[in-house]
Amino acid sequence: MQRIKSLMTRQGLKSPPESLSDVGAIESLRVPGKEEFRELREQPSDPQAEQELINSIEQVYFSTDSFDIVKYELEKLPPVLNLQELEEYRDKLKQQQAAVSKKVADLILEKQPAYVKELERVTSLQTGLQLAAVICTNGRRHLNIAKEGFTQASLGLLANQRKRQLLIGLLKSLRTIKTLQRTDVRLSEMLEEEDYPGAIQLCLECQKAASTFKHYSCISELNSKLQDTLEQIEEQLDVALSKICKNFDINHYTKVQQAYRLLGKTQTAMDQLHMHFTQAIHNTVFQVVLGYVELCAGNTDTKFQKLQYKDLCTHVTPDSYIPCLADLCKALWEVMLSYYRTMEWHEKHDSEDTTSASEGSNMVGTEETNFDRGYIKKKLEHGLTRIWQDVQLKVKTYLLGTDLSIFKYDDFIFVLDIISRLMQVGEEFCGSKSEVLQESIRKQSVNYFKNYHRTRLDELRMFLENETWELCPVKSNFSILQLHYESDEQEKSAYQEYDSDSDVPEELKQDYVDEQTGDAPVKSVSRETLKSRKKSDYSLNKVNAPILTNTTLNVIRLVGKYMQMMNILKPIAFDVIHFMSQLFDYYLYAIYTFFGRNDSLESTGLGLSSSRLRTTLNRIQESLIDLEVSADPTATLTAAEERKEKVPSPHLSHLVVLTFGDTLYGLAERVVATESLVFLAEQFEFLQPHLDAVMPAVKKPFLQQFYSQTVSTASELRKPIYWIVAGKAIDYEQMLLLMANVKWDVKEIMSQHNIYVDALLKEFEQFNTRLNEVSKRVRIPLPVSNILWEHCIRLANRTIVEGYANVKKCSNEGRALMQLDFQQFLMKLEKLTDIRPIPDKEFVETYIKAYYLTENDMERWIKEHREYSTKQLTNLVNVCLGSHINKKARQKLLSAIDDIDRPKR
């Protein structure tokens, strides 16, 4: 540092001032100019060489400023001077000086900005000190003037000014006290204007001001009066809070909430609000029901006003029941709507409060606000379920006040529709199920529907007993799907009456028995009316046209109503489906009873229904059919109740004749009855997906069982019903007599078949003719025709085997004659029918061919062919095989037959 200072001194530069006393010297400080810096920096330089030159400078040059360089150099001169050495030494010093100067120039250039900045700061400080000196000089001068001009008069003026200020403060206090005494008038005006927040704010400000002036005696009474006024405001505020329960007004409720917030009672307000909603529900339902009761009573007697709501509901007349229920539900809906809008208001303002709180800095106030907000939210959420429970209880009480069984079906459905829509609103309101209403409606609906269903079953029995089983023409595309009501496609108002028959097909709009009175229809659809219909729409023999009767249409119509009930009130879906299944059960049982029951034919073991069908018929008979003629007075109450659930077995109308051979024993009626049942089963098949969708999961096995064991067995009734016709259409007994007259122990092979074959074929030809005649009245579907032919052929073949089993004597030629007869029968029969293969053809051929079996083969054959009767097998052994087996072998075969027959016994 000393060396740098020395170099600066030699260059004419001075070091920065070390104290403020050197400030003046700064102005004369010589700073190397830009040209000098440029010359120094533009000189070629070798940093390493320059550093070596600087290092070669003697240490003495870096001593204090008092060091005399000239003297030091002169003393170093040798006694004998050498010019060349002096010049070389001089050049060396110049190089060292140049290196140092360049180094100093670099350092100065690097530190110049800081130097300039510090110089500016020092200059600014100097200016500030000069200004301070001026201010101090002026202050001392003014103090001197004040000291010289201060007198006793000035002190008097100051004292008066102080009194003036005190009097002004006193006047302000007096005016405030006067304002406080007139506050009650303004508070009353604000309450009339329903400015509750402003009134409370004013009252609180007055209380705060009163506490400031409490040292005045007139203020103590005012403070007590303000407290009374505040309590009065709270009472009116509570009344205002109750008004929003019936008609929510956002501006009104906002003022009320602001007022409670000013009071710091937001939680208390929420507790009071729920009490008001509960009271509003009670008052609303009472006033609605009271209005209808007094209106229908036609007098001004006030006795109804003193009744409890439960007792008041029992005085609602049937005529006013539905309008009252509609108004009741509407009024309750308005209360629920007000509660829902209250929740919306809090959700909206809570979000706004949260935003404003996040911008604020009062953590204590924010925490308190958050606590109040959480309390209100939980209270409102809990109140949803509570409000809905109260609504359900009030509606339930109203429903229990009247026996709903007095209403007609359409009115009852309308009641259910109103309640169903209310439950839908309630479930959307609080997100929970309507257990109270559902259970109440379920019980009443089940009871109502049970009585309604019993009446419909009795009506169905009357229809069945008066049905003549005539074909009822309908459109070729008619199905149960046409009974869907418009309410399924287009939502209707909950309080809008609808025409229940508006969507019923034209063929269903007939005069049926009145559902309530049970009166017989005045008239039925006349043949003239049927003839007047378009032939393109109706045809008795149109291919694939539905075969059904008026009774079938009535059942379909009832199914449509049952589905309507089920759609409106899904909780009783199982009961409705159960009753719907009974309609089908009873119809099926009636068809079987009228046309399929024949113990004499069933005893033959042929034509029997399947085990599944027999199980179904037994189930229907045990669960639905009342087989007792009259009630037993000694029967238990339970047995009597069970009988109420059953229906007497129907009886076929005496107008239906099933004994004439020309009509094939009522084949037309049998076809209409049986095929109408099959059509009804097909319609139920269409409904299965819909029924499965609404059926409770735990009850679905019932539905599956109904379809698998009942609906699917309808077509199986064809077999026993048409078997009866087949059993009578052909004279099988006459054929047996003709076969008995044939001589079978002939000695030569015959070329001509026996006469019984021609007689049997003639019977089939006559049967075919009668079948064609019947088809002119009623279209006979192909499955029915096939079953009839199959039954007749099967019975004929079995009769042939029975005739062969009656033979007393038979030769080999006789057995060949049997084959000839049967082949002739088959050849002619195939021209009459298209059924292939011929039923029971193998049954006859196998029996004929068994004659040629040996003893061992015969024993095995007997064990394998149990389809033959004991008589037929025994005759085969005794008569036909006697010629080529001995007595012992015959006895062995008879024992085998006896062993086969023994388990049957």
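You'll find the structure just up there.
Checked against the element boundaries, serine 649 lands in the loop between strand S2 (647–648) and helix H24 (667–694). The buried category is assigned to serine 649, whose relative accessible area is 16%. Here serine 649 is in contact with Glu465, Tyr586, Tyr589, Thr593, Ile625 and Asp626, once residues within four sequence places are set aside.

Moving on, we come to the packing of helix H20 (residues 573–596) against helix H26 (residues 718–729). Relative orientation of the contacting elements H20 and H26 amounts to 15°, with a least axis distance of 9 Å. In terms of their interaxial angle, H20 and H26 are classed as roughly parallel. As H20 runs across H26, the sense of the crossing is left-handed. Across from Ile591, Phe595 and Gly596 in H20, the residues of H26 making contact are Pro720, Ile721 and Ile724. Considered class by class, the residues forming the contact of H20 with H26 number five nonpolar, one polar and no charged.

Moving on, we get to the packing of aromatic side chains. Under the definition given, this model contains 33 aromatic pairs. With centroids separated by 4.8 Å and ring planes inclined at 25°, the aromatic side chains of tyrosine 321 and tyrosine 398 adopt a geometry described as stacked. One end of the pair, tyrosine 321, is in helix H14 (residues 318–359); the other, tyrosine 398, is in helix H15 (residues 363–400), and 77 residues separate them in sequence. The exposure class assigned to tyrosine 398 is buried, which follows from its relative accessible area of 0%. Judged by centre distance (5.7 Å) and plane angle (80°), the ring pair of tryptophan 469 and phenylalanine 595 falls under edge-to-face. Highlighted residues: tryptophan 469 in the loop between helix H17 (435–466) and helix H18 (527–532) and phenylalanine 595 in helix H20, separated in sequence by 126 residues. Phenylalanine 595 matches tryptophan 469 in its accessibility class, with the two residues each being buried. Stacked on the ring of tyrosine 452, the Lys or Arg arginine 456 has its end atom at 4.4 Å from the ring centre. Residue placement shows arginine 798 over the ring face of phenylalanine 843; its charged tip is 4.4 Å from the ring centre.

What follows is about unusual backbone geometry. In this model, arginine 836 is joined to proline 837 through a cis peptide bond whose omega is -5°. Looking at the secondary structure, you find proline 837 in the loop between helix H30 (812–829) and helix H31 (841–849). Phi is positive for leucine 664, close to 55°, though the residue is something other than glycine. Along the polypeptide, leucine 664 turns up in the loop between S2 and H24. Take leucine 664: its relative accessible area is 0%, and that puts it in the buried class.

Our focus in this paragraph is a nonpolar patch on the surface. A grouping of Val70, Leu74, Leu77, Leu81 and Leu86 is seen on the molecular surface, where their side chains present a nonpolar patch of about 430 Å² in accessible area. Owing to a relative accessible area of 32%, leucine 86 belongs among the partly exposed residues under this scheme.

On to helix H32 (residues 855–864), then. Met858, Glu859, Trp861 and Ile862 are the residues of H32 that are buried. Viewed end-on, H32 has its buried residues packed into an arc of 165°, placing them on one side of the element. In H32, the exposed positions that point more than 90 degrees away from the buried face belong to Asn856 and Glu864.

Any two side chains of opposite charge can pair, so long as their charged atoms come close to each other. One pass over the structure, following the stated rule, counts 22 salt bridges. Put simply, arginine 718 and glutamate 675 hold a salt bridge, and the shortest N to O gap is 2.7 Å. You can see arginine 718 sitting in helix H26 and its partner glutamate 675 sitting in helix H24, a full 43 residues away along the chain. On the basis of relative accessible area, arginine 718 is assigned to the buried category, the value being 13%. By relative accessible area, glutamate 675 is classed as buried at 6%. Where arginine 860 meets aspartate 857, a salt bridge forms, and the shortest distance between an N and an O atom there is 2.9 Å. Separated by three residues within a single helix, arginine 860 and aspartate 857 lie in helix H32, roughly one turn from each other.

Scoring rules and cut-offs
- Residues numbered from 1 in each chain as written.
- Predicted model: local features only at pLDDT ≥ 70, side-chain atom pairs only at ≥ 80, totals over all residues.
- Heavy atoms only, no water.
- Helix = DSSP H or I, 4+ residues; strand = E, 2+ residues; numbered from the N terminus.
- Buried < 20%, exposed > 50% of the residue type's maximum accessible area, 1.4 Å probe, protein only.
- Contact = heavy atoms within 4.5 Å.
- Axes fitted to C-alpha atoms, helices over the stretch in contact; angles between N-to-C directions.
- Parallel < 35°, antiparallel > 145°, perpendicular 65-115°, else oblique.
- Left-handed = near helix turned anticlockwise from the far one by under 90°.
- Nonpolar A, V, L, I, M, F, W, Y, C, P; charged D, E, K, R; others polar.
- Phe/Tyr/Trp six-rings, centres within 6.5 Å; stacked < 30°, edge-to-face > 60°.
- Lys NZ or Arg CZ within 6 Å of the ring centre and 35° of its normal.
- Patch = residues over 30% accessible without salt bridge, like charges linked within 9 Å, V, L, I, M, F, W, Y side chains within 5 Å.
- Areas by Shrake-Rupley, 256 points an atom, 1.4 Å probe, with all protein chains shown as cover.
- Salt bridge = Lys/Arg side-chain N within 4 Å of Asp/Glu carboxyl O.
- Arc of directions from axis to C-beta.

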